[in-house]
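Per-entry structural report
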Amino acid sequence: MFLVKRLLKPILVQGTRFQLRSFNYFKPVYFSHFSNQKIELNNEESKSGDARRDFVTFVQTGLIKFSEGDLDSSFKAFQEALRIHNETWAPTVDVIEILVYQYMIYGRKGQIQEALSTLETAESIIPSIQENQHELLTKVKQLQGEILLKLGRVDEALKALHDGLINLEKSTAKDIRYRAVLYMRFIEAYKVKGNFKEALVWGKKFLAEINSPQVDPTRTMEVYQMLGTIYFKLRDFEKAQESYQKGLELAGEKLPISALLIQGLGSVAQAQGKFNEAQTHLEKALKLAQIHFSPKSIGLAVIYNELGILKKHLGKLTQAIDYHKKALEIVEGKGTVEEANTLNNLASLLLDQRKHQEARGYLERSLEINQKINPEVNLELSSIYMNLGSVCRYENDFQNAIKYYKMSMENTEKIFGEDHPEGFIATKNLGITYQFALDLTNAKEYLLKSARIADKHNINDIYQLIDLYGCLTRLHFDLKDYDEALKYCTKAQECAKSYGDPNWIKNFELFQKMIEDQKAGKS
């Protein structure tokens, strides 16, 4: 038996991992075997001595070229190292380490299926390795979970992650760094699946169990950022703000993750109608992102999108479009959630400008991407369906408008339950479309349902409330229920006065007089 003692130290390449709603799946994992692994030779010593030297040389070259970003040369060097190893020795941990590097190379080149096949090869070899099998399977299953998640195969990803956790428990090392990464991937997988409660469970497990100097502290900052995003989706703005703030207390305002934590605070402020505060946060986040992120970073695209949404709220549509187009330049053609969201944001602005056909094109692309990534229930689909419903309604295609508004409302209710404020606008629009289609029975059902949601949750979107109360006024007038018509006309007038639009105020005053005249004539 011959002991090969290598002096080679692994080179770890740093990569950004601070991306909202998306992981950098192809970043280095924890390597140690190149510096201390024993190799049992199965050929004569002289031949294997030369093989050892050549093997180490090719591995060194692969690592150096990988660190320099020369992926093709790195891959070729690793391939030669594998050839030598396979011709000379039985499978060892070194083979798995090299395959993992090749997986990362495929990933960084965007060759996702090849990356997945490389992991499958690694998994098939592990049973023939005599030691560290559970630790190696933990690593491979973790990476499989990540890449399957990227491919939108969420259930398969979750199975791989659970297998990874089972092997971690069976391993002698029980490396807490693997546990930290596995927990983070569970958070992301359940978030993509739309199971926010389960995502929160894994986030809380991370914060309760992962407390070790071995774990990069930025992992905890990332988890707080992820939890903030989930609470934001659940419209629990208080907990979202608390999570972002805790992450920022750990990170300060100088790290890359700080940009996304500050952006999260800006999103919360914007959702609460605190537009000046939102602008301060988002502009600060943008400055940090421009320092720390590459010009093509997903994190930068997310901030551009949030600024676009803010400018829309402020009535600055040209600036809003500019920000969303900047985001689209980064994400276009990548088939990611961020691309789908950006296309939907642009479509929403085009709808405001009555450019229906152009909006439809963006929405159809957004829907196609979103359904490929996650064909199950997810919140982004609700917004896309609602905008498609609005396109159809503007084109007097009431049948398809009703279909899309219903899909939006039902998708939202599957996530949040009935009578949630997130479903208010889709429910209102569904009722209005039935009203346009002269189906007053269904119109009444859904308009009253949206009014119930507004009252229950103290919705203060004045524009939407004017739209709702105005339609309820007309509906009850057409049904000759003049007392109810007057009640909603009064509500509409109060909102119009709060909004400060003299034309609306005048129109509702005239409508009130018409209702009173009809009521007097009836009596």
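Residues numbered from 1 in each chain as written. Predicted model: local features only at pLDDT ≥ 70, side-chain atom pairs only at ≥ 80, totals over all residues. Heavy atoms only, no water.

**What about the overall build of the protein chain?**
- When you go through the protein chain residue by residue, the secondary structure sums to 24 helices and zero strands.
- The burial tally for the protein chain puts 54% of its 523 residues in the buried class.
- Within the protein chain, counting contacts between residues at least 6 apart in sequence, those at least 24 apart form 64% of the total.
- Carbon and sulfur atoms form 48% of the exposed surface of the protein chain, whose accessible area is close to 23700 Å². (Helix = DSSP H or I, 4+ residues; strand = E, 2+ residues; numbered from the N terminus. Buried < 20%, exposed > 50% of the residue type's maximum accessible area, 1.4 Å probe, protein only. Contact = heavy atoms within 4.5 Å. Areas by Shrake-Rupley, 256 points an atom, 1.4 Å probe, with all protein chains shown as cover.)

**Notes on helix α19 (residues 398-416)**
- Its 19 residues give α19 an end-to-end C-alpha distance of 26 Å, which sits within 8% of 27 Å, the value for a rise of 1.5 Å per residue.
- Here the buried face of α19 lies against α9 (196-209), α10 (217-233), α18 (379-394), α20 (424-436) and α21 (440-457).
- Directly after α19, the chain includes G417, whose backbone phi takes a positive value near 90 degrees. (Expected span 1.5 Å × (residues − 1).)

**Details of the confidence of the model for the protein chain**
- Per-residue confidence for the protein chain gives a mean pLDDT of 85; residues scoring 70 or more make up 89%.
- In this model residues 1-47 is a low-confidence stretch, pLDDT under 50, and it forms 135 contacts with partners more than four residues away in sequence or in other chains. (pLDDT = per-residue confidence, 0-100.)

**A word on the packing of aromatic side chains**
- All told, the structure shown has 15 aromatic pairs when counted by the stated rule.
- Between F55 and W89, the ring centres sit 5.6 Å apart and the planes meet at 85 degrees, which makes this aromatic pair edge-to-face. Taken together, the residues F55 in helix α2 (residues 45-68) and W89 in the loop between α3 (71-88) and α4 (93-108) connect sequence positions 34 residues apart. Summarising the burial analysis for this pair, F55 and W89 share the class buried. (Phe/Tyr/Trp six-rings, centres within 6.5 Å; stacked < 30°, edge-to-face > 60°.)

**Description of the side chain of H356**
- Assignment of secondary structure puts H356 in helix α17 (residues 356-373).
- Judged by its relative accessible area of 17%, H356 is buried.
- With residues up to four places along the chain from it excluded, the contact list for H356 reads L351, V391, Y394 and E395.

**What to know about the packing of helix α6 (residues 133-150) against helix α7 (residues 154-170)**
- The N-to-C vectors of α6 and α7 enclose an angle of 165 degrees; their axes lie 8 Å apart at closest approach. Relative to α7, the element α6 is oriented roughly antiparallel. The interaxial crossing formed by α6 with α7 has left-handed handedness. Between α6 and α7, the residues in contact are H134, L137, T138, K141, Q142, Q144, G145, L148 and L149 and V154, E156, A157, A160, L161, D163, G164, N167, L168 and K170, respectively.
- The residue makeup of the contact of α6 with α7, split by class, is eight nonpolar, seven polar and four charged. (Axes fitted to C-alpha atoms, helices over the stretch in contact; angles between N-to-C directions. Parallel < 35°, antiparallel > 145°, perpendicular 65-115°, else oblique. Left-handed = near helix turned anticlockwise from the far one by under 90°. Nonpolar A, V, L, I, M, F, W, Y, C, P; charged D, E, K, R; others polar.)

**Examining helix α22 (residues 462-478)**
- End to end, α22 covers 24 Å across 17 residues, agreeing with the expected 24 Å (1.5 Å per residue, within 8%).
- Counting buried residues along α22, twelve of its 17 residues qualify, which places the element largely inside the surrounding structure.
- Within two residues after α22, K480 carries a phi angle of roughly 65 degrees, on the positive side.

**Details of the environment of E114**
- Mapping E114 onto the fold places it in helix α5 (residues 112-125).
- Residue E114 is classed as partly exposed on the basis of its relative accessible area, which comes to 35%.

**Re the pattern of salt bridges**
- Counted by the stated rule, this structure contains 32 salt bridges.
- The shortest N-O distance in the salt bridge between E242 and K246 comes to 3.2 Å. One end of the pair is E242 and the other is K246, both in helix α11 (residues 237-251) and four residues apart, which spans about a single turn.
- Overall, E242 belongs to the partly exposed group, its relative accessible area being 40%.
- The salt bridge involving E332 is made with R365; its shortest N-O contact spans 3.0 Å. With E332 in the loop between α15 (317-331) and α16 (337-352) and R365 in helix α17, the pair connects residues that are 33 residues apart, well separated along the chain.
- Residue classification places R365 among the partly exposed positions, given a relative accessible area of 32%.
- One network of salt bridges, with partners in common, ties together E123, K141, K159 and D163. (Salt bridge = Lys/Arg side-chain N within 4 Å of Asp/Glu carboxyl O.)

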